[in-house]
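Per-entry structural report
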Amino acid sequence: MSRSLRRGALAATAVVFSIASLAACGAGQDAQTLQIKPDNAAATKGDIEVQNALVITQGQKGEKGPAVVSATVFNNGTKAQTLDGITLPGGKGKVALKPAEGSGKVTVPALGYVVIGGKGNASAVIEDGAATVRDGEVQKVLFQLSSTGGIELEAFVVPATGAFAPFGPTAAPAPAATPSGTPSGTPSGSPSGSPSAGATGAAAGATPSGSAAGGATGTPSGSPSHSAGH
């Protein structure tokens, strides 16, 4: 074997060993990639794990309306559980929890998960969110599971902007102006105008007064004077 071929073989062997070493560093139960945890609030109790918990308010600062709780609930057990409620310990806001479709409780399937927040997912709406939570604060949130019990964590409060916008609450509906304007205008105009005009025209019209005056003074006074001339 020539000297150049031996050098090429040695170089190829070195590359193979380098790749194998890198692969060995990234494999196994203690791999660094498996130790990455989400930046948002997460908590585990028994078979249930709650990840990426957030409280999301309206997009505009100071805007009134509801807020929502967004999270992903994992069930690592072999039996399904129901998410019986979400509460804010120490807060006054009531959280309305609804499944993605239909009615009833939110079910976390066995060896599965459920997403709370976002289009087509289950929802947890804080009805008076503007008065209950504030952007930039940390809010305690309690997830109540049917078998596992309560899982409490501290979630960041963020506005529904940027990446959080698809998971944020809808704006509070503005009050309609039509009901307040229609009743006040129509009743006050018709009764006061129509009756007074009809009564005045019928009583003081020219036709009734002219017929009576002409019939009584014109014809009777003319006929007798003409006959007397003969």
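1. Considering the overall build of the protein
Within the protein, the regular secondary structure consists of five helices and ten strands. In the protein, buried positions account for 24% of the 230 residues. Residue pairs in contact within the protein that sit at least 24 positions apart in sequence constitute 66% of those at least 6 positions apart. When the accessible surface of the protein is split by element, carbon and sulfur atoms take 58% of a total near 15000 Å².

2. Let's talk about the side chain of S70
On the secondary structure map, S70 appears in strand β3 (residues 67–75). A distance of 3.2 Å separates the side chain of S70 from the backbone oxygen of I116, its partner in a polar contact. Dropping the residues within four chain positions of it, S70 is found in contact with N52, A53, L54, I56, I116, G117 and F167.

3. Considerations on the pairing of strand β8 (residues 123–126)
Residues A124 and I126 point to one face of β8 and are all buried, whereas S123 and V125, pointing to the other face, are not buried. In terms of strand pairing, β3 meets β8 through two bridges, oriented antiparallel. Counted as the bridge partner of A67 is I126 from β8. In this sheet, β8 lies alongside strand β5 (residues 95–98) in antiparallel orientation, the contact comprising four bridges. Bridge assignment links K98 to a residue of β8, and that residue is S123.

4. Some details on the packing of aromatic side chains
Under the counting rule described, the total for this entry stands at one aromatic pair. A ring pair is formed by F74 and Y113, whose centres lie 5.6 Å apart and whose planes are at 40°; its orientation type is tilted. Taken together, the residues F74 in strand β3 and Y113 in strand β7 (residues 112–116) connect sequence positions 39 residues apart.

5. Points about the nonpolar core
With 29 residues, the main nonpolar core has V50, I86, V141, F143 and L153 as its most contacted residues. When sequence neighbours within four positions are dropped, the list of residues in contact with F143 reads V50, V69, A71, V73, L83, G85, I86, I116, G149, G150, I151 and L153.

6. Some words on unusual backbone geometry
With the exception of glycine, the majority of residues adopt a negative phi angle, and the majority of peptide bonds are in the trans configuration. Unusually for a residue other than glycine, N52 sits at a positive phi of about 55°. Relative to the helices and strands, N52 resides in strand β2 (residues 48–57). At L111, a position not held by glycine, the phi torsion is positive, near 55°. Note on placement: L111 falls in the loop between β6 (106–108) and β7.

7. Structural notes on the pattern of salt bridges
All told, the structure shown has one salt bridge when counted by the stated rule. In this structure, K105 engages D84 in a salt bridge whose closest nitrogen and oxygen atoms are separated by 3.4 Å. Here the residue K105 occupies a position in the loop between β5 and β6, and D84 occupies one in strand β4 (residues 81–87), the gap between them amounting to 21 residues. Assessed through its relative accessible area of 36%, D84 is described here as partly exposed.

8. Section: the side chain of T148
Relative to the helices and strands, T148 resides in the loop between β9 (138–145) and β10 (149–159). A distance of 3.0 Å separates the side chain of T148 from the side chain of Q81, its partner in a polar contact. Discounting residues that sit within four places of it in the chain, T148 has contacts with K45, I48 and Q81.

9. Focus: the pairing of strand β1 (residues 41–45)
Sheet faces and side chains relate simply in a regular strand, where the side chains alternate between the two faces. As defined by bridge partners, β1 adjoins β2 across four bridges and the pair is classed as antiparallel. Across the sheet, T44 pairs through a bridge with E49, a residue of β2. Hairpin connection of β1 to β2: two residues between the antiparallel strands, including G46 at a positive phi of 60°.

10. Comments concerning the confidence of the model for the protein
Per-residue pLDDT for the protein averages 72, and the proportion of residues at 70 or more is 56%. Predicted confidence is poor over residues 4–37, with pLDDT under 50, and the contacts of this stretch with residues over four places away or in other chains come to six contacts. Per-residue pLDDT stays below 50 along residues 191–230; that stretch engages in seven contacts with residues further than four places along the chain or on separate chains.

Here is what the cut-offs are and how they apply
- Residues numbered from 1 in each chain as written.
- Predicted model: local features only at pLDDT ≥ 70, side-chain atom pairs only at ≥ 80, totals over all residues.
- Heavy atoms only, no water.
- Helix = DSSP H or I, 4+ residues; strand = E, 2+ residues; numbered from the N terminus.
- Buried < 20%, exposed > 50% of the residue type's maximum accessible area, 1.4 Å probe, protein only.
- Contact = heavy atoms within 4.5 Å.
- Areas by Shrake-Rupley, 256 points an atom, 1.4 Å probe, with all protein chains shown as cover.
- Polar contact = N/O pair within 3.5 Å; in protein donor to acceptor, adjacent residues only side chain to side chain.
- Pairing = 2+ DSSP bridges.
- Phe/Tyr/Trp six-rings, centres within 6.5 Å; stacked < 30°, edge-to-face > 60°.
- Core = buried A, V, L, I, M, F, W, Y, C linked by side-chain atoms within 4.5 Å.
- Salt bridge = Lys/Arg side-chain N within 4 Å of Asp/Glu carboxyl O.
- pLDDT = per-residue confidence, 0-100.

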